[in-house]
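Architecture at a glance
The primary structure of each chain is shown beneath.
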Amino acid sequence: MRARFVAGGLVVAVPLLLALLGPLFAGDPGPRAASFTLGGGHWLGTDFVGRDVWRQVLLGGRSVVLVALAATALAYLVALPLGLAAALTHRAWLEEVLMRPLDVLLAVPSLLMILLVASVVTPGAVGLALLVAVVDIPDAARIVRAAAAEVASRPAVEALRMQGETWWRTAVGHVGRSVARTLVADAGVRFTGVLYLVATAAFLGVGVAPDAADWAVMVDRNRTGLFVQPWAVVVPALLIVALTMGGNLLADAALGKRRRT
Amino acid sequence: MTGLASWTARRLLLGAAQTAAVVLLVFALTEALPGDAAVALAGDQPDPERIAAVRKALDLDRPAHERLLEWAGGLLHGDFGTSLASGRPVSTYLTGGFGPTLLLASLTLVLLVPAGVGLGVLAARHEGRFTDRLVSSVTLGVYAVPEFAFGVLLTTVFALRLGWLPPTAVGYGTDLLAHPSALVLPVLVLLSRPVCSLARLVRAGMIDALASPYVAQARRHGVTGARLRYGHALPNAIAPAAQQLARTVDWLLCGVIVVEALYVIPGLGTVLMNAVAERDVPVVQGLAVVFGVTAVVLNLGADLVVRRFAPRAEVAA
């Protein structure tokens, strides 16, 4: 497990550092060269409109990572109160009203929802984060509810209630704190899932400009030149693979640690 | 049996509610958005003529609930409306893209089960040893990778460097079966994520089953090898995996859209992406209903089958 932790950390460090610090080192955009060329002072060649690929790589990670982070945080922001309320209420009908609609929503394929909205409006980066968060809420709320329901059935909660503690102290002070550990582990897994969705949506052209500096957009737009100049596709694709793969290895290692303690 | 009967009734009810929700959601997301839908749909430079044409084609002057009822009523007897872009009935779009998508999905499903179960059993047999660690790490890693990134790398290696396989299905039309080499990469990419999740679940279930008292008893009776693993342990390990298999339908539908875009296969995913780009709302609605209802029905079917064979398994309904 320790080996997996280290391996995951190493694999995810390269794309993550590049995504967060890359824009600082990108420098000025040089003059545009011919499309899909190699050499000529361009370390990784040029892309479909003649921009330097290395510079695009430095710039292109930030949007993917930030949109995914924002979407994960937003999903929890809604799912946390929803799940806690459903787990702690004594009114069966309230739990049904809160959770049943989510069961129904879970059946709709997530990418489909995003494409549906994209057919009517053109979402920007913020819109994409919102959309992905909405799609992720049902599953996140179910996890929160399951974790909180388990804690809420413990004798400690019963004792708090009999002492006459307020709902707020019981829900946030005790149950909320007890489930935090489970949720931190779940957040890692959820983040990689969100990363998958954000990158796939960007690849399909949702939430990004057609010439945006974004790893997923680079893979899509430079595909036409794959046979002439593969680096413009292979480098961003490898970075996305490393980011998602390493992220999942790391999240799983963290999950295993929590389970044992 | 009354427990089973009432559970089945509740599960069927949930399925019906989910189907209704899909239809409602598709309508709400595409037509009931705030603002004037006609202006949004007319494109980047809306001229009054185009706006008026869109408004007339979609009947936007009538109240939303009337349009919803009429559209949903049409769906019931297979009338999906007509395309905004071409004026052709939406059903011709559906039948046109159906073949390649069905071929891709069924090929993937046929290969998915033996590959996932095989890998899972292999890892469980060698629990804790090198093979297990290798299979577990690889499945865990690949499981999170978006299809497009994985697919592009496979294309670079097998089509560009080695030249073994065609890079796309361009020029083969809808008759893909006649060109099996063009199908290898798309199916491989579609398999990547579901195989990993299935293998991980089968591994976990097999490890539990192999350590259980009834398998120990079978061992004492002299049952060994493949018969012990596949005849005794596997059936009990498979129930949670079968349920997960239905959940992966979601991924498969998403995967099909990406893979068709990546390998230029003229299936339903490509039709959907073209319609999204052209803002052809009736076509998008029709495809979304087909995709959404397929997901609901397959999930329902899997839950019913699992409940029938493993009544102890917890199935939410």
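Residues numbered from 1 in each chain as written. Chains lettered and ligands numbered in written order. Predicted model: local features only at pLDDT ≥ 70, side-chain atom pairs only at ≥ 80, totals over all residues. Heavy atoms only, no water.

Attention now goes to the overall build of chain B. Scanning chain B for helices and strands turns up 13 helices and zero strands. Each of the 317 residues in chain B was classed as buried or not, and the buried ones make up 48%. When the accessible surface of chain B is summed, it comes to about 14,900 Å², and 65% of that surface belongs to carbon and sulfur atoms. (Helix = DSSP H or I, 4+ residues; strand = E, 2+ residues; numbered from the N terminus. Buried < 20%, exposed > 50% of the residue type's maximum accessible area, 1.4 Å probe, protein only. Areas by Shrake-Rupley, 256 points an atom, 1.4 Å probe, with all protein chains shown as cover.)

Now for the overall build of chain A. Each helix and strand counted, chain A has nine helices and zero strands in total. Listing every helix and strand of chain A by position from the N terminus yields α-α-α-α-α-α-α-α-α. Taken along its principal axes, the extent of the C-alpha atoms in chain A is 75 × 45 × 30 Å. Within the span of chain A, comprising 261 residues, buried residues form 50% of the whole.

So, on to helix 5 (residues 90-125) of chain B. Look at helix 5 of chain B: 51 Å from first C-alpha to last across 36 residues, which is about the 52 Å you get at 1.5 Å a residue. The axis of helix 5 of chain B is deflected most strongly, by about 45 degrees, at Phe98 of chain B, and proline Pro100 of chain B appears within four residues downstream. (Expected span 1.5 Å × (residues − 1). Bend = angle between axes of the 7 residues up to and from the residue.)

Chain B puts 54 residues into the contact, and the matching count from chain A is 43 residues. Taking both sides of the interface into account, the surface hidden between chain B and chain A amounts to around 4,200 Å²; carbon and sulfur atoms contribute 77%. Among the residues of chain B in contact with chain A, Leu140, Phe148 and Leu160 of chain B are the three that bury the most area, contributing 14% of the side total. Between the two partners, chain B and chain A, sit zero salt bridges. Taken together, chain B and chain A are joined by five residue pairs in polar contact (both at pLDDT 80 or more). Of all the elements, helix 7 (residues 147-161) of chain B adds the most residues to the side of chain B that touches chain A, at eleven residues. (Contact = heavy atoms within 4.5 Å. Buried area = accessible area lost by both parts, 1.4 Å probe. Salt bridge = Lys/Arg side-chain N within 4 Å of Asp/Glu carboxyl O. Polar contact = N/O pair within 3.5 Å; in protein donor to acceptor, adjacent residues only side chain to side chain.)

Another aspect to go through is the environment of Leu154 of chain B. Structurally, Leu154 of chain B can be placed in helix 7. Residues Leu154 of chain B and Val189 of chain B, 35 residues apart in the sequence, show an inter-C-alpha distance of 8.3 Å.

Residues and elements named next belong to chain A. Scanning the entire structure with this criterion turns up five salt bridges over all chains. One salt bridge in this structure joins Arg190 and Asp139, with 3.2 Å as the shortest N-O distance. Separated by 51 residues along the polypeptide, Arg190 in helix 7 (residues 167-203) and Asp139 in helix 5 (residues 125-152) bring together distant segments of the chain. Overall, Asp139 belongs to the partly exposed group, its relative accessible area being 33%. Where Asp186 meets Arg190, a salt bridge forms, and the shortest distance between an N and an O atom there is 3.1 Å.

Our next topic: the packing of aromatic side chains. For any two aromatic rings, the description comes down to two numbers: the centre-to-centre distance and the angle of the planes. Enumeration over the complete set of coordinates arrives at one aromatic pair over all chains. Centre to centre, the rings of Phe203 of chain A and Phe148 of chain B are 4.5 Å apart; their planes meet at 10 degrees, and the pair counts as stacked. Highlighted residues: Phe203 of chain A in helix 7 and Phe148 of chain B in helix 7, drawn from two different chains. Side by side, Phe203 of chain A and Phe148 of chain B carry an identical accessibility label, which is buried. Above the face of the Tyr93 of chain B ring, Arg88 of chain B is positioned so that its terminal group lies 4.6 Å from the ring centre. The cationic tip of Arg193 of chain B hangs over the ring face of Tyr196 of chain A; the distance from NZ or CZ to the ring centre is 3.7 Å. (Phe/Tyr/Trp six-rings, centres within 6.5 Å; stacked < 30°, edge-to-face > 60°. Lys NZ or Arg CZ within 6 Å of the ring centre and 35° of its normal.)

Here the focus is helix 1 (residues 2-25) of chain A. Residues and elements named next belong to chain A. The end-to-end C-alpha distance of helix 1 is 33 Å, a good match for the 34 Å that 24 residues give at a rise of 1.5 Å each. Along its length, helix 1 shows its largest kink, about 45 degrees, at Ala19, and proline Pro23 lies within four residues downstream of that point. Two residues or fewer past helix 1, Gly27 is found with a positive phi of approximately 75 degrees.

Looking now at the state of the cysteines. Residues and elements named next belong to chain B. The final tally for this structure, using the stated rule, is zero disulfides over all chains. Free of any disulfide, Cys254 has its nearest cysteine sulfur in Cys196, 16 Å distant. We classify Cys254 as buried; its relative accessible area is 4%. (Disulfide = S-S within 2.5 Å.)

Turning next to the layout of surface pockets. In this model, the second largest pocket occupies a volume close to 780 Å³. Looking at the second largest pocket, it is lined by 31 residues, and the ones nearest its centre are Leu204, Gly205 and Val206 of chain A together with Val276 and Ala277 of chain B. Among the elements of the structure, helix 7 and helix 8 (215-221) of chain A together with helix 11 (249-263) and helix 12 (268-278) of chain B are those that each provide at least two residues to the lining of the second largest pocket. (1 Å grid on protein atoms, 1.4 Å probe; cavity = no way out; pocket = protein on both sides within 12 Å on 5 of 7 lines; lining within 4 Å. Points joined across faces, edges and corners; volume = space filled by probe spheres on them.)

With respect to the helices and strands, the residue Asp132 of chain B is situated in helix 6 (residues 130-142). We classify Asp132 of chain B as buried; its relative accessible area is 3%.

With that settled, consider a nonpolar patch on the surface. Residue and element names in this part refer to chain A. A contiguous nonpolar surface patch, about 710 Å² in accessible area, is contributed by Leu17, Leu20, Leu21, Leu24, Phe25, Leu66 and Leu69. The set of elements that each furnish at least two residues to the nonpolar patch consists of helix 1 and helix 2 (53-88). For the nonpolar patch, the element with the highest residue contribution is helix 1, accounting for five residues. Positionally, Leu17 belongs in helix 1. (Patch = residues over 30% accessible without salt bridge, like charges linked within 9 Å, V, L, I, M, F, W, Y side chains within 5 Å.)

By size, the foremost hydrophobic cluster in this structure holds 130 residues, and its most contacted members are Ile114, Leu115 and Trp215 of chain A together with Phe148, Met206 and Leu272 of chain B. Among the elements that take part in this core, helix 8 (residues 181-210) of chain B stands out by supplying 13 residues, more than any other. Counting 13 residues, the second-largest nonpolar core is a separate cluster that includes Leu84, Leu88, Val144 and Val175 of chain A. (Core = buried A, V, L, I, M, F, W, Y, C linked by side-chain atoms within 4.5 Å.)

With that settled, consider the side chain of Arg193 of chain B. Looking at the secondary structure, you find Arg193 of chain B in helix 8. Polar side-chain contacts of Arg193 of chain B include one of 3.3 Å to the side chain of Tyr196 of chain A. Non-local contacts of Arg193 of chain B, meaning those with residues more than four positions away in its chain, are made with Tyr196 of chain A together with Val142, Tyr143, Val145, Glu147 and Trp251 of chain B.

Moving on to the confidence of the model for chain A. On average, residues of chain A score 80 in pLDDT, and 95% of them are at 70 or above. No element of chain A has a lower mean pLDDT than helix 3 (residues 92-106) of chain A, at 76, and none a higher one than helix 2 of chain A, at 85. (pLDDT = per-residue confidence, 0-100.)

Residues and elements named next belong to chain B. The residue Val264 is not glycine, and still its phi comes out positive at about 50 degrees. Within the secondary structure layout, Val264 lies in the loop between helix 11 and helix 12. By relative accessible area, Val264 is classed as partly exposed at 41%.

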